[in-house]
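Coordinate inspection notes
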Amino acid sequence: MAPLEELTEAWHEARRDRAFRHELAGLLETYCGRPTPISFAARLTKHLGGAGVYLKREDLCHTGAHKINNALGQCLLARRMGKARVIAETGAGQHGVAVATAAALLGLRCRVYMGTEDERRQALNVYRMKLLGAEVVGVEAGARTLKDAINESLRDWVTNVATTHYVLGSVLGPHPYPAMVREFQSVIGSEALLQIRKQHRSLPKLVVACVGGGSNAAGIFTAFVPYRQVELVGVEAGGRGTRLGEHAARFAGGEPGVLHGTRSYVLQDQDGLVAQTHSVSAGLDYPAVGPEHAWWHDTRRVAYVRVDDSEAVDAFHLLSELEGIVPALETAHAIAYVARVAPRMGSGQAILVSLSGRGDKDVAEVARLEGVTL
Ligand SMILES: *Cc1c(COP(=O)(O)O)cnc(C)c1O
């Protein structure tokens with residue numbers, strides 16, 4: 001509890017400090033490239049023949065996804081707390097790369113924990129983190145993926161808390177992480193609310209985002225939650241089937257439970273053992289979901305749906321061919337849902353979708369799935 005209490009206090013002080021907010025906003029603008037635009041997807045809209053589709057372009061952030069918004073915020077906080085070292089967990093490597101980047105920028109030592117199964121699947125990102133000066137430590141425990149990397153990060157943190165801040169990558173884990181990460185990501189929705197009002201001249205009918213831990217979704221939803229007329233939909237990974245172990249749809253197959261210091265919906269067996277998960281996209285492949293999403297689910301403010309691997313891969317192609325944007329496979333889940341519902345909506349209505357990241361990292365995997373040798 002002591003490290004969490006210290007962090008909570010430091011975070012509350014920092015968010016009230018104008019100098020901290022000013023420095024973060026400055027870096028988001030001059031280093032990350034914010035504000036990111038919203039793009040009207042004219043050819044996709046025409047193809048689907050219904051609601052107008054607007055894309056919030058987090059793929060244009062430095063390092064290629066929304067993860068840098070949080071990594072930069074937490075690394076600034078670490079420096080303010082006098083911690084010279086940061087650690088992070090990573091699954092596909094996107095959060096690890098974002099933290100290694102922010103640590104390089106701010107002169108912090110950085111270690112990233114990664115399951116050895118993920119290291120094998122994402123060799124390019126392992127080397128990328130090393131290029132950025134980070135140390136990457138392989139985790140051999142369990143299924144050797146993200147959940148195991150989080151366990152190892154928590155262990156390191158409690159051992160080295162005097163010198164170290166743990167940069168958690170989504171709206172997960174014990175308080176204050178879910179609230180703090182949401183706040184760092186809420187820049188997505190605050191910008192998008194102003195932009196859609198300007199470009200579409202009214203609120204969107206629907207806002208859609210993919211949900212792994214839930215940070216890009218929380219980031220875009222938060223600004224729209226007070227507007228009851230705006231429908232919010234989170235898209236989970238339906239994987240390759242509805243059986244436990246074949247997907248990562250926590251709201252379809254999960255039960256309340258506690259994982260990594262959070263009570264939320266967790267995929268687990270009858271004895272409460274945390275289940276294996278599967279998704280074509282590593283970023284959605286986690287057995288629990290951010291606790292605020294559980295709240296939004298139970299209060300029915302946000303609806304959660306599932307999109308399976310093959311539908312996501314189709315959407316990956318669709319956006320590439322119609323808009324010249326290769327989306328991350330995570331993001332492709334959100335696009336697939338848009339493709340499902342846009343044709344049933346009126347042409348005067350707008351859908352805003354969080355384009356959480358670009359898909360360069362997934363090109364080789366999709367090629368492999370389709371039997372193309374590179
Ligand atoms: C990590 C990642 C996600 C999933 O994480 P959330 O915390 O649910 O946002 C989604 N999209 C991209 C591009 C990612 O890199």
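Every chain is numbered independently, its residues counted from 1 as its sequence is written. Reporting of local features is limited, given that this is a predicted model, to residues whose pLDDT is at least 70; pairs of side-chain atoms are given and counted only at 80 or more, and all residues count toward the totals for whole chains, interfaces and linings. Hydrogens and waters are ignored; side-chain quantities use all the structure's heavy atoms.

All right, on to the packing of aromatic side chains then. Here a pair means two rings of Phe, Tyr or Trp (six-membered ring of Trp) with centres within 6.5 Å. Their orientation is stacked below 30 degrees between planes, edge-to-face above 60, and tilted elsewhere. Overall, the coordinates contain eight aromatic pairs when judged by the stated rule. What links up through ring pairs into an aromatic cluster is the set Trp157, Tyr166 and Tyr177.

It is worth spelling out the domain arrangement of the protein chain at this point. The start and end points of each domain follow an automatic or database-based domain assignment. Domain boundaries in the protein chain define domain 1 (2-30 + 67-181) and domain 2 (38-64 + 185-369). Measuring from the centre of the C-alpha atoms in domain 1 to the corresponding centre in domain 2 gives 23 Å. Listed by partner, the interface residues are 24 residues for domain 1 and 26 residues for domain 2. Here domain 1 and domain 2 share an interface that buries about 2,000 Å² over both sides, 61% of which is from carbon and sulfur atoms. Throughout, a residue-residue contact means that at least one pair of heavy atoms, one from each residue, lies within 4.5 Å. Put simply, buried area is the surface a 1.4 Å probe can reach on two separate parts but cannot reach once they are joined, added for both.

Below, the discussion takes up the nonpolar core. Counting 51 residues, the largest nonpolar core has Cys75, Leu77, Val86, Val99, Cys110, Met129 and Tyr177 as the members making the most contacts within it. In terms of domain composition, this core takes at least three residues from each of domain 1 (2-30 + 67-181) and domain 2 (38-64 + 185-369). Working definition of a nonpolar core: buried Ala, Val, Leu, Ile, Met, Phe, Trp, Tyr and Cys residues. They are joined through side-chain atoms within 4.5 Å. When accessible area is computed with a 1.4 Å probe and restricted to protein chains, residues below 20% of their type maximum are described as buried, those above 50% as exposed, and intermediate ones as partly exposed.

Here an axis means a line fitted to C-alpha atoms, over the contact stretch when the element is a helix, while the angle between two N-to-C directions is reported on a 0 to 180 degree scale. A run of H or I in DSSP becomes a helix once it reaches four residues, and a run of E becomes a strand once it reaches two; helices and strands are each numbered from the N terminus. The geometry of helix 1 (residues 2-16) relative to helix 9 (residues 177-185) is characterised by a closest axis approach of 11 Å and an angle of 30° between their N-to-C directions. Taken together, the axes of helix 1 and helix 9 are roughly parallel relative to one another. In this structure, the crossing between helix 1 and helix 9 has a hand that is left-handed. Contacts from Leu4, Leu7, Trp11 and Arg15 of helix 1 reach helix 9 at Tyr177, Met180, Glu183 and Phe184. Three classes are used: nonpolar for Ala, Val, Leu, Ile, Met, Phe, Trp, Tyr, Cys and Pro, charged for Asp, Glu, Lys and Arg, and polar for all others, with Gly counted as polar. Looking at side-chain class alone, the contact of helix 1 with helix 9 contains six nonpolar, no polar and two charged residues. Put simply, angles under 35 degrees are roughly parallel, angles over 145 are roughly antiparallel, angles from 65 to 115 are roughly perpendicular, and the rest are oblique. The hand of a helix crossing depends on one turn: near helix anticlockwise from the far one by less than a right angle means left-handed, and clockwise means right-handed.

What follows covers the sheet that holds strand 6 (residues 164-166). Two strands pair if DSSP finds at least two bridges between them. Read across the open sheet, the four strands follow the order 5-4-3-6; overall the sheet is parallel. One side of each edge strand has no neighbouring strand; the edge strands of this open sheet are strand 5 (135-139) and strand 6. Neighbour to neighbour, the strand axes of the sheet diverge by 25° on average, direction disregarded. Sheet topology places strand 4 (residues 109-115) next to strand 5; five bridges connect them, and they run parallel. Its bridge partner lying in strand 5, Tyr113 is registered against Val137.

We now examine the sheet that holds strand 8 (residues 231-239). Reading across the sheet, the six strands line up as 1-2-12-7-8-11 and stay open at both edges, with mixed pairing between neighbours. Of all the strands in the sheet, the pair left with one neighbour each is strand 1 (38-40) and strand 11 (302-308). Averaged over all pairs of adjacent strands, the angle between strand axes in this sheet comes to 25°, irrespective of strand direction. Of the strand pairs in this sheet, strand 7 (residues 206-210) and strand 12 (residues 350-355) are connected by three bridges, and their pairing is parallel. Across the sheet, Leu206 pairs through a bridge with Ile351, a residue of strand 12. Against the sheet, helix 10 (residues 187-199) touches strand 1, strand 2 (52-57) and strand 12, its axis set at about 140° to strand 2. Of the strands in this sheet, strand 2, strand 7, strand 8, strand 11 and strand 12 are in contact with helix 15 (residues 329-341), which crosses strand 7 at around 145°.

What follows is about unusual backbone geometry. For the peptide bond that leads from Arg34 to Pro35, omega is -5°, which places it in the cis range. Mapped onto the elements of the fold, Pro35 is located in the loop between helix 2 (18-32) and strand 1. Put simply, His175 and Pro176 share a cis peptide bond, and its omega is 15°. Inspection of the secondary structure assignment puts Pro176 in the loop between strand 6 and helix 9. One non-glycine residue, Arg201, lies in positive phi territory at about 70°. One can find Arg201 in the loop between helix 10 and strand 7. Using a relative accessible area of 72% as the deciding quantity, one classes Arg201 as exposed. Despite not being glycine, His260 has its phi angle at roughly 50°, a positive value.

Let's shift gears to the site of the ligand. Consider each residue's heavy atoms; a residue with any of them within 4 Å of a molecule or strand counts as near. Around the ligand lies a shell of 16 residues, among which Lys67, Ser170, Gly212, Ser215 and Ser356 are the nearest. Per-residue and other accessible areas follow the Shrake-Rupley method at a 1.4 Å probe size, with only the shown protein chains counted as cover for residues. In the complex, the protein chains occlude 96% of the 380 Å² of accessible area that the ligand would expose alone. Here the shell around the ligand is built from residues that sort into three nonpolar, eleven polar and two charged.

Moving on, we get to a nonpolar patch on the surface. Nonpolar side chains (Val, Leu, Ile, Met, Phe, Trp, Tyr) within 5 Å and like charges within 9 Å form the patches, drawn only from residues with over 30% relative accessible area and no salt bridge. For this document, the term salt bridge refers to a Lys or Arg side-chain nitrogen within 4 Å of an Asp or Glu carboxyl oxygen. A contiguous nonpolar surface patch, about 320 Å² in accessible area, is contributed by Tyr127, Leu131 and Leu132. With respect to the secondary-structure elements, Tyr127 resides in helix 7 (residues 123-131).

Let us now look at the pairing of strand 10 (residues 262-266). Of all five residues making up strand 10, four are buried, and the element is well covered by its neighbours. Inspection of the sheet shows strand 9 (residues 255-259) paired to strand 10 by five bridges, in the antiparallel sense. Across the sheet, the residue bridging to Glu255 is Val266, located in strand 10. The antiparallel hairpin formed by strand 9 and strand 10 contains two residues in its connecting segment, where His260 sits at a positive phi of about 50°.

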